[in-house]
Amino acid sequence: MKNQSNPIRRLLAATTLASGLALSSAQAGGLDANAIFVAADLDISGTLSLGEFTTTLDAGVSARAALKKFRGADRNVNGSIELTEFLIFTGTIPKPTKIEELFDQTDTNADASINFDEFTATFKAKASLVSIRRHFVRADVDASGGISETEWENFKRGRGQAGINLTVFELADFNADNQLTVVEYGYVFPRTASEAKVLAKFNKLDDDDNGVLVTAEFNPGVRAGR
């Protein structure tokens with residue numbers, strides 16, 4: 001008798017026994033991958049565990065082979081198979097491109113749009129918010145405040161809104177009130193810069209000591225009103 005002490009083997013055996021009849025009927029009836037997924041999802045969780053996923057495979061697949069297929073299908077590596085992952089695994093829908101996968105990974109709240117915070121998370125800590133915002137504005141062609149998948153793909157392929165020509169002052173002025181607080185001024189520096197360094201430079205530029213910088217203070221070479 002084979003050793004059944006392996007917990008994966010016990011899980012697969014128990015789940016296959018419990019769900020085999022229902023799934024076999026679905027497969028025999030020629031149902032599509034969506035129906036097979038629903039039939040295998042015994043606990044109605046909306047995802048497939050390893051045991052549930054194994055019931056969708058051909059009979060006789062070894063525990064080792066089933067685990068390998070499971071890991072290959074688990075694209076987001078969260079320990080379960082979602083419907084989209086299952087449809088990709090079965091070839092029902094095409095495998096996403098690397099750019100599409102990166103979009104999904106960046107869109108952490110899964111609202112089909114990349115906001116500025118999500119976009120910022122893709123940059124190294126030394127990058128300034130000004131430089132990040134310049135890229136964001138170029139990618140956000142419709143100025144909606146979020147980057148759609150189409151805009152993301154165009155941006156990644158070098159087809160962003162290259163004509164945008166905002167100044168550093170304008171990019172740092174997040175609330176567009178034509179003046180920079182010390183926090184906004186800090187956006188010019190790498191995010192790793194110390195507060196003391198930012199504050200010292202800010203105070204040096206703040207000629208009237210009113211706690212904000214206007215364009216003439218930030219860049220004395222620019223004429224007022226320009």
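By the naming in an unreviewed UniProt entry, the chain goes by EF-hand domain-containing protein and is assigned to Luteolibacter rhizosphaerae.

Peer 1: What exactly am I supposed to notice about the packing of aromatic side chains here?
Peer 2: Ring pairs (aromatic) are described by centroid distance and by the angle formed between their planes. Taken as a whole and assessed by the stated rule, the structure comprises 15 aromatic pairs. Summarising the aromatic geometry, the rings of Phe 53 and Phe 89 are spaced 5.1 Å apart at their centres and angled 65 degrees between planes, so their arrangement reads as edge-to-face. Here Phe 89 lies in helix α5 (residues 83-89) and Phe 53 lies in helix α3 (residues 50-54), a separation of 36 residues in the sequence. Members of the aromatic cluster, each reached through a chain of ring pairs, are Phe 116, Phe 119, Phe 123, Phe 136, Phe 155, Phe 174 and Tyr 187. For Arg 133, the ring lying beneath its charged end belongs to Phe 174, and the centroid distance is 4.5 Å.

Peer 1: Would you mind going over the side chain of Glu 118 with me for this structure?
Peer 2: Considering the arrangement of structural elements, one finds Glu 118 in helix α7 (residues 116-120). Buried Glu 118, no salt bridge; nearest opposite-charge side chain is Lys 156, N-O distance 13 Å. Sequence-distant contacts of Glu 118, defined by excluding residues within four places in its chain, comprise Thr 106, Asp 107, Thr 108, Asn 109 and Ser 113.

Peer 1: What should I look at first to understand the nonpolar core in this one?
Peer 2: Membership of the largest hydrophobic core comes to 15 residues, with the highest contact counts inside it found for Leu 48, Phe 53, Phe 70, Ile 81 and Phe 86. Those elements that provide at least two residues to this core are α2 (33-40), α3, α4 (63-73) and α5. Residues in contact with Phe 70, not counting those within four places in the same chain, are Leu 48, Ser 49, Leu 50, Phe 53, Gly 79, Ser 80 and Ile 81. Membership of the second largest hydrophobic core comes to 13 residues, among which are Leu 129, Ile 132, Phe 136 and Ala 139.

Calculation criteria
- Residues numbered from 1 in each chain as written.
- Predicted model: local features only at pLDDT ≥ 70, side-chain atom pairs only at ≥ 80, totals over all residues.
- Heavy atoms only, no water.
- Phe/Tyr/Trp six-rings, centres within 6.5 Å; stacked < 30°, edge-to-face > 60°.
- Helix = DSSP H or I, 4+ residues; strand = E, 2+ residues; numbered from the N terminus.
- Lys NZ or Arg CZ within 6 Å of the ring centre and 35° of its normal.
- Buried < 20%, exposed > 50% of the residue type's maximum accessible area, 1.4 Å probe, protein only.
- Lys, Arg positive; Asp, Glu negative; His and termini not counted.
- Salt bridge = Lys/Arg side-chain N within 4 Å of Asp/Glu carboxyl O.
- Contact = heavy atoms within 4.5 Å.
- Core = buried A, V, L, I, M, F, W, Y, C linked by side-chain atoms within 4.5 Å.

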